[in-house]
Amino acid sequence: MNSLAILNSKWDEVVSLCKEYAVKRLQPCGPTARGEFDAWLGDFQFIVAFDPGLSAMHASDPYFQFREKLGELLGGTVDLFDPTSGSGMHRFLTRKMDQKSSDWYAS
């Protein structure tokens, strides 16, 4: 099963997780956006944006918890790229990936 078919089959559950963890935007990127899924690697990649109202002190908790729960739901590991992260690499990758795919979930 390709990554987009897996995502679509879990749509309602993913939306529930997004709401629970204050995700404002979830966008598949890289191989995930192209529908390519390597069952051996089991890796899903997303650009994610959390509610800007989350305090910086608590922002890492939803990030890691959401990543873990989403991976359990999808049956693989999850890489999240947050454009608001302090990491220059995250901002660079997000800008590049953002040009090639569209939001899958946005609230």
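Throughout this description, residue numbers start from 1 for each chain and increase along the sequence as written. Totals for whole chains, interfaces and linings use all residues, but because this is a predicted model, local features are given only for residues with pLDDT of at least 70 and pairs of side-chain atoms are given and counted only at 80 or more. Side-chain metrics in this entry use all non-hydrogen atoms of the structure; hydrogen atoms and water are not considered.

J.: Help me understand the nonpolar core, please; the structure alone is not making it clear to me.
T.: The nonpolar side chains of a soluble globular protein tend to be buried with one another. What is meant by a nonpolar core is a set of buried Ala, Val, Leu, Ile, Met, Phe, Trp, Tyr and Cys residues, joined one to another through side-chain atoms within 4.5 Å. Only protein chains enter the accessibility calculation, which uses a 1.4 Å probe; a residue whose area is less than 20% of its type maximum is buried, one above 50% is exposed, and one in between is partly exposed. Within the largest apolar cluster, 18 residues are counted, with the highest numbers of intra-cluster contacts made by Val23, Leu26, Phe46, Phe66, Leu70 and Leu74. With residues up to four places along the chain from it excluded, the contact list for Leu74 reads Ile6, Leu7, Lys10, Val14, Phe44 and Phe46. The contact criterion used is simple: two residues touch if any of their non-hydrogen atoms lie within 4.5 Å.

J.: Can you walk me through helix H2 (residues 11-20) in this structure?
T.: Side chains that are three or four residues apart share a direction in an α-helix, a result of its 3.6 residues per turn. Where helices and strands are cited, they refer to DSSP runs of H or I of at least four residues and of E of at least two residues respectively, numbered from the N terminus. For H2, the set of buried residues is Val14, Val15, Leu17 and Cys18. Along the long axis of H2, the arc covered by the buried residues comes to 160 degrees, so they all point the same way. Of the exposed residues in H2, the ones pointing more than 90 degrees away from its buried face are Asp12, Lys19 and Glu20. Backbone geometry just after H2 places Ala22 at a positive phi near 60 degrees. This arc is taken over the directions from the axis of the helix to the C-beta atoms.

J.: Would you mind showing me how to read the confidence of the model for the chain here?
T.: Should pLDDT be low for a region, the predicted coordinates there are not to be read in detail. Of the residues in the chain, 67% have a pLDDT of 70 or more, and the chain-wide mean is 78. Within the chain, no element has a lower average pLDDT than helix H4 (residues 88-98), which sits at 50, and none a higher one than H2, at 94. Values of pLDDT, ranging from 0 to 100, describe the predictor's confidence in every residue of the model.

J.: Help me out: how do you make sense of the pattern of salt bridges in this one?
T.: Between Lys or Arg on one side and Asp or Glu on the other, a salt bridge is scored when a side-chain nitrogen of the former is within 4 Å of a carboxyl oxygen of the latter. What the rule picks out here adds up to one salt bridge. With a closest N to O distance of 3.3 Å, Glu36 and Arg34 form a salt bridge. Overall, Glu36 belongs to the partly exposed group, its relative accessible area being 42%.

J.: Just to check I follow, could you spell out the side chain of Ser3 for this structure?
T.: Secondary-structure assignment places Ser3 in helix H1 (residues 3-9). Sequence-distant contacts of Ser3, that is, excluding residues within four places in its chain, are made with Pro31, Thr32, Gly35, Glu36, Phe37 and Phe44.

J.: Is there a simple way to think about the environment of Leu7 in this case?
T.: Among the structural elements, Leu7 can be located in helix H1. Spatially, the C-alpha atom of Leu7 lies 9.6 Å from that of Leu73, the residues being 66 residues apart in sequence.

J.: How should unusual backbone geometry be read in this particular structure?
T.: Working note: non-glycine residues mostly have negative phi, and peptide bonds are mostly trans. Even without a glycine there, the phi angle at Ala22 is positive, about 60 degrees. Structurally, the position occupied by Ala22 is in the loop between H2 and strand S1 (23-28). Ala22 sits in the partly exposed class, given a relative accessible area of 23%.

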